[in-house]
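Listed below, chain by chain, are the residues.
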Amino acid sequence: MTVPGEHSFTVVDSEVLLEAPIIAVRRDRLVMPGGTESNREIVEHFGAVAVVAFDGERIALVRQYRHCVKDRLWELPAGLLDIANEDPLECARRELAEEAGQAAARWDLVTDLVCSPGFCEEAVRIYLARELSEVPRPAADDEEADMSLTWVPIEQAREMVLRGEVKNSIAIAGIMVAGEVIAGRATARSVDEPFDLRPESLPRRRQAMGFGEDMKRL
């Protein structure tokens, strides 16, 4: 008899169904409790970072069109870990400069989260960036050319979450947890903590296929 919580979901077969620039879809066949087998379709992802940039009073929020929901959402500056072997903190520094025109002298880890663990490998590391200074913001293209940047008082951002105005789960987690750290009710974590949730399947396969630094260029 299988004891709940102790079964090993062994993968007996796996196939890639789709390769696209920023995702892939894989089907794994798993051994279920009781010995039967069942398929699970998995969206592979590079993983991402997001930044709560705090200037002492306000945080940076971007408003970006998301075609999946056909709406413009309040979000944190963020980006994919699509550069081979790039350190997540370096990715966060780049995205903060590109989307908010800021550099930070102080960085802390807010939290790591998985966005849709029922079917997707996407995991996101969220940082708190402080002691900000302005840097040149490069010209945007594609849908990011429509992105707007707004600096919002941290308490107002928290209220936006509670009113349901912020719908992006990464932004919700970042705003609420960073808000606790900023208010002194929680302690920030070290950026040196291992990012154990960082997805490996897609980056490993793309590198094995001979992709260069930019793993999303099929």
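Throughout this description, residue numbers start from 1 for each chain and increase along the sequence as written. For this predicted model, a pLDDT threshold of at least 70 governs which residues receive local features, and a threshold of 80 or more governs which side-chain atom pairs are given and counted, while totals over whole chains, interfaces and linings are taken from all residues. Computation of side-chain values: all heavy atoms of the structure, hydrogens and water removed.

As recorded by an unreviewed UniProt entry, the protein chain carries the name NUDIX hydrolase and is attributed to Corynebacterium canis.

## Some points on unusual backbone geometry
Phi is positive for N85, close to 60 degrees, though the residue is something other than glycine. The helix count covers DSSP runs of H or I at least four residues long, the strand count covers runs of E at least two residues long, and both are numbered beginning at the N terminus. Examined against the element boundaries, N85 turns out to sit in the loop between β7 (78-80) and α1 (88-100).

## Examining the pairing of strand β1 (residues 11-19)
Strands are treated as partners if at least two bridges between them are detected by DSSP. Relative to strand β2 (residues 23-31), β1 is paired through 7 bridges, and the arrangement is antiparallel. Bridge assignment links V16 to a residue of β2, and that residue is R26. From the end of β1 to the start of β2, which pair antiparallel, there are 3 residues.

## A word on the nonpolar core
Take the buried residues of types Ala, Val, Leu, Ile, Met, Phe, Trp, Tyr and Cys, join any two whose side-chain atoms come within 4.5 Å, and each joined set is a nonpolar core. The buried label goes to any residue with under 20% of its type's maximum accessible area, the exposed label to any with over 50%, and the partly exposed label to all in between, with areas taken from a 1.4 Å probe on protein chains only. I59, L61, L76, I126 and I175 are the most contacted members of the largest nonpolar core, which has 25 residues in total. Among the elements that make up this core, the one with the highest residue count is helix α3 (residues 169-182) (6 residues). Ignoring anything within four residues of it in the chain, the contact list for I175 reads V52, I59, L61, L76, I154, A157, R158, V161 and V166. Grouped together as the second largest cluster of nonpolar side chains are 16 residues, V51, A60, W107 and A129 included. Note on contacts: a residue pair is in contact if any heavy atoms of the two residues lie within 4.5 Å.

## So, the sheet that holds β2
Sheet architecture is open: 3 strands sit in the order β1-β2-β3, paired in antiparallel fashion. Whereas interior strands pair on both sides, the edge strands pair on one side only; in this sheet they are β1 and β3 (37-45). The mean inter-strand angle of the sheet, taken between neighbouring strand axes irrespective of direction, is 20 degrees. Sheet analysis places β2 next to β3, joined by 9 bridges and oriented antiparallel. The residue of β3 that forms the bridge with R29 is N39. Convention adopted: a line fitted to C-alpha atoms gives each axis, helices being fitted over their contacting stretch, and angles between N-to-C directions are expressed from 0 to 180 degrees.

## Some details on the environment of E213
Looking at where E213 falls in the secondary structure, it is placed in the segment after α4 (201-208). In this structure, the C-alpha to C-alpha distance between E213 and N85, residues 128 residues apart in sequence, is 8.4 Å. Other than its neighbours up to four places away in sequence, E213 contacts D82, I83 and A84.

## A word on helix α2 (residues 154-162)
Turning to α2, its buried residues are I154, A157, R158, M160 and V161. Considered in projection along α2, the buried side chains sweep an arc of 155 degrees and stay on one side of the axis. Packing partners of the buried residues in α2 comprise β5 (58-66), β6 (71-75), β10 (148-153) and α3. Positive backbone phi, approximately 85 degrees, marks G164, located one or two places after α2. Each direction from the helix axis to a C-beta atom contributes to the arc, which is the arc of those directions.

## Concerning the pairing of β6
Strand residues, when the strand is regular, have side chains that alternate between the two faces of the sheet. Note that β5 and β6 share 5 bridges and pair antiparallel. The partner of Q64 across the bridge, within β6, is L73. The hairpin turn running from β5 into β6, its antiparallel successor, is 4 residues long, and K70 in that turn takes a positive phi close to 50 degrees.

## Concerning the environment of L73
Along the chain, L73 falls in strand β6. Judged by relative accessible area, L73 falls into the buried class, the value being 13%. Along the primary structure L73 and E165 are separated by 92 residues, whereas in three dimensions their C-alpha atoms are 8.6 Å apart. Other than its neighbours up to four places away in sequence, L73 contacts V62, R63, Q64 and R66.

## Some points on the domain arrangement of the protein chain
Segmenting the protein chain into domains produces domain 1 (10-45 + 198-209) and domain 2 (48-183). The interface of domain 1 with domain 2 comprises 11 residues on the first partner and 12 residues on the second. For domain 1, the biggest contributors to the area lost against domain 2 are V43, H45 and R198; these three give 56% of the whole. Only one rule defines a salt bridge in this text: a Lys or Arg side-chain nitrogen within 4 Å of an Asp or Glu carboxyl oxygen. Seen at the junction of domain 1 and domain 2, the total is 1 salt bridge. One salt bridge connects E121 with R26, and the closest N-O pair in it is separated by 3.0 Å. Any pair of N or O atoms that falls within 3.5 Å is considered a polar contact. Within protein, one atom must be able to donate a hydrogen and the other to accept it, and sequence-neighbouring residues count only if both atoms are side-chain atoms. Viewed at the interface, domain 2 and domain 1 are joined by 6 residue pairs in polar contact (both at pLDDT 80 or more). Going through the elements one at a time, β3 and α4 are the ones with two or more residues in the side of domain 1 that touches domain 2. Here the side of domain 1 that touches domain 2 gets 5 residues from one element, more than from any other, and that element is β3. An automatic or database domain assignment is the source of the domain bounds shown. In short, buried area is how much 1.4 Å probe accessible area vanishes from two parts on joining, totalled over both.

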